Amino acid sequence: MPVILAACQSGSVIERGTAAWGENGESLYLLLQNPKTADEESRVAIWADPETYALRQADILWGEDRVVSVTFTDFTIENG
């Protein structure tokens, strides 16, 4: 989880767009460089609500392989 949040906070954007989500929904898609390592093969893909930016899913990738996949059922963003 710390890698996912670090990528959201300071990872360089490699790719961005939208993706279908659910039956009629749409999701913001970002492919981010993992800021915790200099290895370019380590990346984080995230899907988020396009209006609230709440995370829906995140995958930690190594090259073309998915190493970890997390699906969020509830995500709250708080200013602190």
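Our subject is the structure that appears above.
Parameters at a glance
- Residues numbered from 1 in each chain as written.
- Predicted model: local features only at pLDDT ≥ 70, side-chain atom pairs only at ≥ 80, totals over all residues.
- Heavy atoms only, no water.
- Patch = residues over 30% accessible without salt bridge, like charges linked within 9 Å, V, L, I, M, F, W, Y side chains within 5 Å.
- Areas by Shrake-Rupley, 256 points an atom, 1.4 Å probe, with all protein chains shown as cover.
- Salt bridge = Lys/Arg side-chain N within 4 Å of Asp/Glu carboxyl O.
- Helix = DSSP H or I, 4+ residues; strand = E, 2+ residues; numbered from the N terminus.
- Buried < 20%, exposed > 50% of the residue type's maximum accessible area, 1.4 Å probe, protein only.
- Pairing = 2+ DSSP bridges.
- Lys, Arg positive; Asp, Glu negative; His and termini not counted.
- Charge placed at Lys NZ, Arg CZ, Asp CG, Glu CD.
- Axes fitted to C-alpha atoms, helices over the stretch in contact; angles between N-to-C directions.
- Contact = heavy atoms within 4.5 Å.

A.B. asks: Just give me the short version of a nonpolar patch on the surface, but keep the residues and values in it.
C.D. replies: A cluster of nonpolar side chains, Trp-62, Val-67 and Val-68, forms an exposed patch at the surface whose accessible area comes to about 280 Å². Structurally, Val-67 can be placed in strand β5 (residues 65-71). Accessibility expressed as a relative area gives 56% for Val-67, which makes it exposed.

A.B. asks: Provide a residue-level description of the pairing of β5, including the pertinent values.
C.D. replies: Of all the seven residues making up β5, zero are buried; the element is thus mostly uncovered. In this structure, strand β4 (residues 55-62) lies alongside β5, joined through six bridges in antiparallel fashion. Residue pairing across strands places Ile-60 opposite Val-68, the latter belonging to β5. Between β4 and β5, which pair antiparallel one after the other, the connecting turn spans two residues, and Gly-63 there sits at a positive phi close to 65°.

A.B. asks: Which residues make up a negative patch on the surface, and what values go with them?
C.D. replies: Together, Glu-40, Glu-41, Glu-64 and Asp-65 make up a region of like negative charge exposed at the surface. One can find Glu-40 in the loop between β2 (25-33) and β3 (42-48). Here Glu-40 falls in the exposed class, since its relative accessible area comes to 64%.

A.B. asks: Explain the sheet that holds β4 to me, using residue names and the numbers behind them.
C.D. replies: Pairing between sheet strands relies on hydrogen bonds along the backbone, with the strands arranged either parallel or antiparallel. Taken together, five strands build an open sheet; the order of strands is β1-β2-β3-β4-β5 and the sheet is antiparallel. In this open sheet, the two edge strands, each paired with only one partner strand, are β1 (13-21) and β5. Across this sheet, the average inter-strand angle for adjacent strands is 20°, counted without regard to direction. As paired elements, β3 and β4 share seven bridges and run antiparallel to each other. Residue Arg-43 lies in a different strand from β4, and its bridge partner there is Leu-61. Sheet strands in contact with helix α1 (residues 2-10) are β2, β3, β4 and β5, and its direction is about 100° off that of β4.

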